[in-house]
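Coordinate analysis (summary)
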Amino acid sequence: MLVPYEIIRKKRDGGKLTAEEIDFMIQKFTRGELPEYQMAAFLMAVFFRKLDDQETAWLTQSMQASGKSMDLSSVPGPTVDKHSTGGVGDKVSLPLAPLVAAAGGFVPMMSGRGLGHTGGTLDKLESIPGFRVGLSDEEFVRAVRTVGCAIIGQTADVAPADKKIYAMRDVTATVDTMDLIAASILSKKLAAGPQALLLDVKTGSGAFMQKLEESRALAKLMVAICRNSGRKAEALITNMDQPLGVTAGNANEVEESIAILQGKGPSDLREITVEFGARMLAITGIAKDIASGRAEIEKRIADGSGLEKFRKMIEAQGGDPRVVDDVSRLPKAKKRGELTASDSGILESIDTYAAGMAVVVLGAGRQRSDDKIDHAVGVEFLKKPGETVATGDVIVVYHYNDEALYHESLKRMKAAIRIGSGPARTMPLVIECVS
């Protein structure tokens, strides 16, 4: 007979838990049969004593099993998803999913909303008139099967243990521990049912894990969990020391994603989209290797089939597919402003966390969970770290509606940008692969 007190004491004293002990605690708490004070004590014991890779995999599987998982058995091909730990201007999922689908993959993507200083894929997609992220299970599977990709939010019956446990972690100061972070992310991702998963772990000033060694440890842990859960997985550690692409907001990021699918758009966003797509094709066996995968994704950009898949995904999820040909159908802000360089020199750095918060303050994100997002507002970064600027050069273009929010955001953005004599701190877009 399992006893909560004994399980808590065992972990408190540094012991390794069994799969049965972990599952007992998780399922009892999810059903309301375990007092909150015992779950709080359990989480604090885990926070200080940590879980090893196997324990973390068991925790992930138990949290996933607390609800339903998608049945993708009717999908006629390999299924693969991508998860990002979040960043500023990170709209990669939008062009990536349709490009992989156009190349023969099937992408069942369960995404999230903005969190802290980072934007959310669902918030961006909801700037498309009519777009629904709350599909039923049947609608989701049908869209993946017929279109090749769909992007939805977490439903109430997917990994309900995660929602309850996260709320408990939030009030017991046990959020910032790698094993609990990884289990929270992957319990939802694996419930979406993909056979393989590509993980984008950000590092740098705009990442939740700002130090490379922390990002590397999280990447290794998440790959191990996936493998221990019977899924193929690979992780890329990518640079979030500056915003990705040119835009940050919602509607403007959709517009930039469409530009990528049209063979245009900023080079950094295109490069990372192609690299992720190539690795997703390679990990599923659709492409024989990464080089072949890159060629296939480039082909799907050039022939327009990725753009056509995006159009079909929008239509399948209730959105207006005409935005693909006419981006003026997306929400537009009423006012325009500029942040200009006060000095000449080298743009040495952009504090990406601070820049992300400036975009949130503008109204493009939430400061409280019940805040309403203004999908029309956002910014364009016209300069990147390492570039030369002269006094009066425009560094950031603003699209805004509220004058007070604009001035508060502008103040934050000015503080985020550093102009000096250089050199700028630069890192490659993809820093390393963990496989």
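Higher on the page you've got the structure.
1. Some words on the packing of aromatic side chains
All chains considered together, the criterion is met by three aromatic pairs. Here the aromatic rings of Y398 and Y406 are separated by 5.2 Å at their centres, their planes lie at 75 degrees, and the arrangement is edge-to-face. For the residue pair Y398 and Y406, the accessibility class agrees, reading buried in each case. The interplanar angle of 5 degrees and the centroid separation of 4.0 Å between the aromatic rings of Y400 and Y406 together place this pair among those described as stacked. Every member of this aromatic cluster is reached through a ring pair, and the members are Y398, Y400 and Y406. Just above the ring of F29 sits the side chain of K164; from NZ or CZ to the centre is 4.6 Å.

2. Some thoughts on the environment of E234
Summarising the element assignment, E234 is placed in strand β5 (residues 232-239). On the basis of relative accessible area, E234 is assigned to the buried category, the value being 14%. Among residues more than four places away in sequence, those in contact with E234 are L197, L198, L199, V223, R279, I283, C433, V434 and S435.

3. Points about the sheet that holds strand β13 (residues 430-434)
Within the open sheet, the four strands sit side by side as β1-β4-β5-β13. Their pairing is mixed. Single-partner strands in this sheet number two, and they are β1 (80-84) and β13. Within the sheet, the average angular offset between the axes of one strand and its neighbour, ignoring direction, is 20 degrees. Two elements, β5 and β13, share four bridges in a ladder whose sense is antiparallel. Bridging from a neighbouring strand, T238 pairs with V430 of β13. Seen against the sheet, helix α9 (residues 178-191) touches β1 and β4 (196-203) and runs at an angle of roughly 155 degrees to β1.

4. Examining the pairing of strand β2 (residues 107-111)
When you tally the buried positions in β2, you get five out of five residues, the bulk of the element. Side chains V107, M109 and S111 of β2 all project onto a buried face; the interleaved residues P108 and M110 project onto the opposite face, where all are buried too. By the bridge criterion, five bridges tie β2 to strand β3 (residues 149-153) in an arrangement that is parallel. The residue of β3 that forms the bridge with P108 is A150.

5. A short note on the side chain of Q27
Mapped onto the secondary structure, Q27 falls in helix α2 (residues 19-30). Look past the residues within four positions of Q27 in its chain and what remains in contact with it is S62, A65 and S66.

6. Remarks on the pattern of salt bridges
If charged atoms from side chains of opposite charge come close, those side chains can pair. By the definition in use, this model includes 36 salt bridges. The partner of K335 in a salt bridge is E403, and the shortest N-O contact between them spans 3.1 Å. Of this pair, K335 sits in strand β7 (residues 335-340) while E403 is found in helix α16 (residues 403-416), placing the two residues 68 residues apart along the sequence. Note that R412 and E408 form a salt bridge whose closest N and O atoms lie 3.0 Å from each other. Note that R412 and E408 are positioned in helix α16 at a spacing of four residues, about one turn of the helix. What makes R412 partly exposed here is its relative accessible area of 34%. Exposure remark for E408: the relative accessible area of 26% places this residue in the partly exposed category. Salt bridges linked by common partners bring K91, K124, E253 and E256 together as one network.

Rules used throughout
Residues numbered from 1 in each chain as written. Predicted model: local features only at pLDDT ≥ 70, side-chain atom pairs only at ≥ 80, totals over all residues. Heavy atoms only, no water. Phe/Tyr/Trp six-rings, centres within 6.5 Å; stacked < 30°, edge-to-face > 60°. Buried < 20%, exposed > 50% of the residue type's maximum accessible area, 1.4 Å probe, protein only. Lys NZ or Arg CZ within 6 Å of the ring centre and 35° of its normal. Helix = DSSP H or I, 4+ residues; strand = E, 2+ residues; numbered from the N terminus. Contact = heavy atoms within 4.5 Å. Pairing = 2+ DSSP bridges. Axes fitted to C-alpha atoms, helices over the stretch in contact; angles between N-to-C directions. Salt bridge = Lys/Arg side-chain N within 4 Å of Asp/Glu carboxyl O.

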